[in-house]
Amino acid sequence: MKLRVLSSAAEAAITLEFEKYPDKRSVLLHALRVAQQETGYLSEEAMRDVATLLELTPVQVYDVATFYTLFHLQPVGKHVIYACKSLPCALVGASALCRHIQNRLGVGIGETTSDNQFTLKQTECLASCGSGPMVQINDNYYEYLTPAKVDRLLDDLRARGKSDLASKPFKIPNVTGA
Amino acid sequence: MVSYEKILTKNMDTPGYMGTLPEYRATGGYTAFEKALKMPPAEIIDIVKKSGLRGRGGAGFPTGVKWSFIPKTHVGQRYLCCNADESEPGTFKDRQLIERDPHQMLEGIGIASYAIGASVAYIYIRGEFDLGAKIIESAIQEAYQAKFFGKNLLGSGFNLEVILHRGAGAYICGEETALLESIEGKRGKPRTKPPFPAVHGLYQAPTVVNNVETLANVPYIINRGAEWYASIGTPKSPGTRIFSVSGHVKRPGNYEVPLGITLREMIYTCAGGIRNDKALKAIIPGGASAAFLTPAHLDTPMDFEAIAQIGSMLGSGGVTVMDEETCMVQAATNLLEFFYHESCGKCTPCREGSSWILQVLHRIERGTGRASDLDLLETLCRRIEGVTVCAFGDAEVAPVLSTLKHFKEEYVAHIEGRGCPFQPNVELVMAH
């Protein structure tokens, strides 16, 4: 199969999932996630490749890609920050925290820093309502945030690409210390 | 503080317990599945019916009854889907069950699949739960290795494949038919019902969709019996429930208690009362889709019927608490921003209505509201509720109608005073 931008490794990661479903189309969300991981965002070429692999039309792929918030149709920075803005987080200071991130990075909502390190987005509830304010950055949650913790987090990510502030398996309140 | 017996959150209270298969086995894990595989499926459905277990995702439908809707004469594939798309603002219980004790859910999936005759079960987990997905994936592998999943389980002849399916960011996929559409690789748009999933579900085959917490209860019901389960909680809302408490309380968190304790006990005893000892102004008792309540409702029991009787719902069990300094217009506006963003766009009243309501709320909050706006909001809401394919339409009007009912004077103050009368120490709606 002739693919435009996706590698054979991505193709294998996608086709490996076919056996789990009676219909190739069910692999679409997975395929788009694999494509996005490989190429950074969902370009038209990447979506055409997914359509080829799943035997769909390009518009069927585009239709789904535009519905789900985790898919980027434009290039994004290395770290995508999703700042929760839903009511429980807002009640404990999410708006002020988001402003702090904007000031610290010098970007507005939806923008990417000039060094392509960070894209800032706002998002709705991430099931972290008792441990807000919080953000998700790539695969990790960061909770109970304060401006000082955000500064350390952004410094960590810039310097080392990761931070030990990332949340571990979740339990609140943590009365036993377990 | 009265202490209640925990069921689903008991193991994780043991220091160091991380929910691996050997740890779960040591607490009696999978003995219910072993027992169930020796029983006729109809008997399991009967036990779950008698236990009175009701869905923990939001609607509160009796679980055993839902299972019994699978047509008995159907030949061919049936499916079980576990709804792990927890996205209702205020709710974070399934995340804890998944990350700290995932085998309870998996064992429940095994028993439920056997009971309804499903040889394939999909776990639909929201795309943002990356850690949860890794933990479930590893727990599934453990269960396959221990031969709890796979072929001819424990010599019963029953086969079961359990497959994790990750979403990609869309609140509506927690609605059970939207969830099925999403597994099929489509936009998550709810289907018109009937037909219900039990008849035409995933790939048009008979399907049951159950929430994580619902399924996690099943092994305990099989092991300890329907009478034991029914003796906890209230007669019509039996069992425990994990309430997620957030907002202006001293100790936010997940609290597993018998259904029927009062809102007062939940907020003032479990969660420690209001932060900085301020006064309570408003409570959302069951996630963002539930109507606001006031301190006058504090002595209401937290069971499905009692909360419905006072005009709200127990929903997903997400209790969000707001103190005296919170602006109710801002709180409603924040929630309408959520509903506007998450409306799937299928039904015109919901799609267009959420946008119109939000425009009116924004202008009231910003000081350009009109005296006629309160009637306009009411009219808009009444033309959305009850006329959409799924419950989202009713959900999006609940915060507006209930704040108009209980806090009308705040709306009036915004309109007459040409702006928000509250000191904005906490800003709930960001101006862009």
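About the criteria used
- Starting from 1, residues in each chain are numbered consecutively following that chain's sequence as written.
- The naming scheme follows written order: chains are lettered A onward, ligands numbered 1 onward.
- With the structure being a predicted model, the display of local features is reserved for residues of pLDDT at least 70 and the display and counting of side-chain atom pairs for 80 or more, all residues being used for whole-chain, interface and lining totals.
- Side-chain numbers come from the whole structure's heavy atoms, not from hydrogens or water.
- Under the DSSP-based scheme used, a helix requires at least four consecutive residues in state H or I and a strand at least two consecutive residues in state E, with every element numbered from the N terminus.
- The globule rule used for comparison is 2.2 Å times the number of residues to the exponent 0.38, while the radius of gyration itself is calculated over C-alpha atoms.
- The cut-offs for exposure are 20% and 50% of the maximum accessible area for each residue type, with area from a 1.4 Å probe on protein chains only; residues under the lower value are buried, those over the upper are exposed, and the others partly exposed.
- The contact criterion used is simple: two residues touch if any of their non-hydrogen atoms lie within 4.5 Å.
- Shrake-Rupley sampling with a 1.4 Å probe provides the accessible areas, and residues are treated as covered by the protein chains on show and by no other component.
- Here, a salt bridge means any side-chain nitrogen of Lys or Arg that lies within 4 Å of a carboxyl oxygen of Asp or Glu.
- Buried area is a sum: the accessible area each of two parts loses on coming together, probed at 1.4 Å, counted once for each and added.
- For this classification, Asp, Glu, Lys and Arg are treated as charged, while Ala, Val, Leu, Ile, Met, Phe, Trp, Tyr, Cys and Pro are nonpolar and the rest, including Gly, are polar.
- Throughout, nonpolar core names a set of buried Ala, Val, Leu, Ile, Met, Phe, Trp, Tyr and Cys residues whose side chains join them through atoms within 4.5 Å.
- When DSSP finds two or more bridges between a pair of strands, those strands are recorded as paired.
- Simply put, an axis is a line fit to the C-alpha atoms, just over the touching stretch for a helix, and the angle between two N-to-C directions goes from 0 to 180 degrees.
- When we speak of the arc, we mean the arc of directions from the helix axis to the C-beta atoms.
- Centres within 6.5 Å are what make two rings of Phe, Tyr or Trp a pair, Trp counting through its six-membered ring; a difference in plane orientation under 30 degrees is then read as stacked, over 60 as edge-to-face, and the rest as tilted.
- For the domains described, the bounds stem from an automatic or database domain assignment.
- Asp and Glu are treated as the negative residues and Lys and Arg as the positive ones, with His and the ends of the chain left uncounted.
- Identification of polar contacts relies on pairs of N or O atoms within 3.5 Å, with a donor-acceptor requirement for protein atoms, meaning one able to donate a hydrogen and the other able to accept it, and with residues adjacent in sequence counted only if both atoms are side-chain atoms.
- Every helix has an expected span of 1.5 Å times one less than the residues it contains.

Asks: I'd like to hear about the overall build of chain B, residue by residue, with values.
Replies: In terms of helices and strands, chain B carries 17 helices and 8 strands. Since a compact globule built from 432 residues should have a radius of gyration of about 22 Å, the 22 Å found for chain B is in line with a globular shape. Considering only C-alpha atoms, chain B reaches an extent of 75 × 50 × 35 Å along its principal axes. By residue count, 64% of the 432 residues in chain B fall in the buried class. Within chain B, contacts between residues at least 6 apart in sequence are counted, and of these 70% link residues at least 24 apart. For chain B, the exposed surface amounts to about 15,300 Å²; the carbon and sulfur share of it is 55%.

Asks: Explain the pattern of salt bridges to me, using residue names and the numbers behind them.
Replies: If you walk through the whole model with that rule in mind, you get 41 salt bridges over all chains. Among the salt bridges present, the one from Glu427(B) reaches Arg99(A), with a minimum N-O distance of 2.8 Å. You can see Glu427(B) sitting in the segment after helix H17 (408–416) and its partner Arg99(A) sitting in helix H6 (residues 94–105), one on each of two chains. The partly exposed category is assigned to Arg99(A), whose relative accessible area is 31%. Its salt-bridge partner being Arg382(B), residue Glu385(B) comes within 2.8 Å of it at the nearest N-O pair. The exposure class assigned to Arg382(B) is partly exposed, which follows from its relative accessible area of 45%. In the salt-bridge network here, residues are joined through shared partners; they are Arg56(B), Lys93(B), Asp94(B) and Glu213(B).

Asks: Could you give an account of the interface of chain A and chain B, with specific residues and numbers?
Replies: At the junction of the two partners, chain A supplies 52 residues and chain B supplies 74 residues. Counting the surface lost from both chain A and chain B, the interface buries some 5,000 Å², and carbon and sulfur atoms represent 58% of this. Between the two partners, chain A and chain B, sit 5 salt bridges. Of all elements in the fold, only helix H2 (28–39), helix H4 (58–65), helix H5 (87–91) and H6 of chain A reach the threshold of two or more residues within the side of chain A that touches chain B. Tallied by class, residues from the side of chain A that touches chain B come to 26 nonpolar, 14 polar and 12 charged.

Asks: Give a description of the nonpolar core that names residues and reports values.
Replies: The biggest cluster of nonpolar side chains holds 73 residues, and the ones touching the most others in it are Trp67(B), Leu106(B), Ile109(B) and Ile123(B). Residue contributions to this core peak at 8 residues, all from helix H6 (residues 102–116) of chain B. Not counting residues within four places of it along the chain, the set of residues in contact with Ile109(B) comprises Leu80(B), Cys82(B), Ala121(B), Ile123(B), Val162(B) and Leu215(B). Ranked by size, the runner-up nonpolar core spans 67 residues in total, among them Leu3(A), Ala31(A), Val61(A) and Tyr68(A).

Asks: So what's going on with the sheet that holds strand S2 (residues 118–123) of chain A? Which residues, and what values?
Replies: Each strand in a sheet pairs with its neighbour through backbone hydrogen bonds, running either in the same direction (parallel) or in the opposite one (antiparallel). All names here are of chain A. The strand order S2-S1-S3-S4 describes an open sheet built from 4 strands, whose pairing is mixed. At either margin of the open sheet sits one strand with a lone partner, and together these are S2 and strand S4 (140–142). On average, each strand axis in the sheet is tilted by 25 degrees relative to the strand beside it, whichever way the strands run. Of the strand pairs in this sheet, strand S3 (residues 135–137) and S4 are connected by 3 bridges, and their pairing is antiparallel. If you follow Gln 136 over to S4, its bridge partner there is Tyr 141.

Asks: Tell me about H17(B), residues and numbers included.
Replies: Residue and element names in this part refer to chain B. Every buried residue of H17 is accounted for by Glu 410, Tyr 411, His 414 and Ile 415. Buried residues of H17, viewed axially, fall in a sector of 135 degrees; they line one side. After H17 finishes, the residue Arg 418 shows a positive phi value of roughly 55 degrees.

Asks: An account of the packing of aromatic side chains is requested, with residue identities and associated values reported.
Replies: Residues and elements named next belong to chain B. Counted by the stated rule, this structure contains 16 aromatic pairs over all chains. Relative to Phe 148, the ring of Tyr 30 has its centre 4.1 Å away and its plane inclined at 5 degrees; by these criteria the two rings are stacked. Pair noted here: Tyr 30 is in the loop between helix H1 (21–26) and helix H2 (31–36) and Phe 148 is in the loop between helix H7 (130–145) and strand S3 (161–166), with a separation of 118 residues, a long-range link. In this structure, Tyr 30 and Phe 148 share a single accessibility class: buried.

Asks: Talk me through the sheet that holds strand S2 (residues 120–125) of chain B; I want residue IDs and the actual numbers.
Replies: Residues and elements named next belong to chain B. Pairing is parallel across the open sheet formed by 4 strands, whose spatial order is S3-S2-S1-S4. Two strands lie at the open edges of the sheet, namely S3 and strand S4 (207–211), each paired on one side alone. Put simply, the sheet's adjacent strands are angled 20 degrees from each other on average, direction ignored. Here strand S1 (residues 79–84) pairs with S4 via 5 bridges, running parallel. Paired with Cys 81 across the strands is Val 209, a residue of S4. Lying over the sheet, helix H9 (residues 212–224) contacts S1 and S4, oriented at roughly 95 degrees with respect to S4.

Asks: Which residues make up the domain arrangement of chain A, and what are the values?
Replies: Looking at chain A, the domain boundaries give domain 1 (8–65) and domain 2 (79–160). Taking only C-alpha atoms, the centre of domain 1 of chain A and the centre of domain 2 of chain A are 29 Å apart.

Asks: Can you lay out the domain arrangement of chain B for me, pointing to particular residues and giving the numbers?
Replies: All names here are of chain B. Each domain of chain B was delimited in the assignment, giving domain 1 (11–230), domain 2 (241–323) and domain 3 (328–416). Taken over C-alpha atoms, the centre of domain 1 sits 27 Å from the centre of domain 2. Counting residues at the interface gives 16 residues for domain 1, matched by 19 residues for domain 2. In this assembly, domain 1 and domain 2 are joined by 1 salt bridge. With its nearest N and O atoms 2.8 Å apart, the salt bridge here joins Arg 54 to Glu 305. The leading source of residues in the side of domain 1 that touches domain 2 is helix H5 (residues 93–100), at 3 residues. Looking at the side of domain 1 that touches domain 2 residue by residue, the classes come out as 4 nonpolar, 7 polar and 5 charged.

Asks: An account of the side chain of Arg25(A) is needed here, citing residue identities and associated values.
Replies: Along the chain, the position of Arg25(A) falls in the loop between helix H1 (8–15) and H2. The buried charged residue Arg25(A) lacks any salt bridge, with Asp63(A) as its nearest oppositely charged partner at 4.9 Å. Polar contacts involving the side chain of Arg25(A) include one to the main-chain carbonyl oxygen of Gly185(B), which spans 3.1 Å. With residues up to four places along the chain from it excluded, the contact list for Arg25(A) reads Leu54(A), Leu56(A), Gln60(A), Val64(A), Glu184(B), Gly185(B) and Lys186(B).

Asks: A description of H6(B) should follow, citing residues and the corresponding values.
Replies: All names here are of chain B. The end-to-end C-alpha distance of H6 is 21 Å, a good match for the 21 Å that 15 residues give at a rise of 1.5 Å each. Across the 15 residues that make up H6, a large majority, 15, are buried. Phi for Gly 117, located one or two positions after H6, is positive at around 75 degrees.

Asks: For the environment of Pro58(A), give the residues involved together with the corresponding values.
Replies: In this structure, Pro58(A) sits in helix H4. When the C-alpha atoms of Pro58(A) and Asp156(A) are compared, they prove to be 39 Å apart, with 98 residues separating the residues in sequence.

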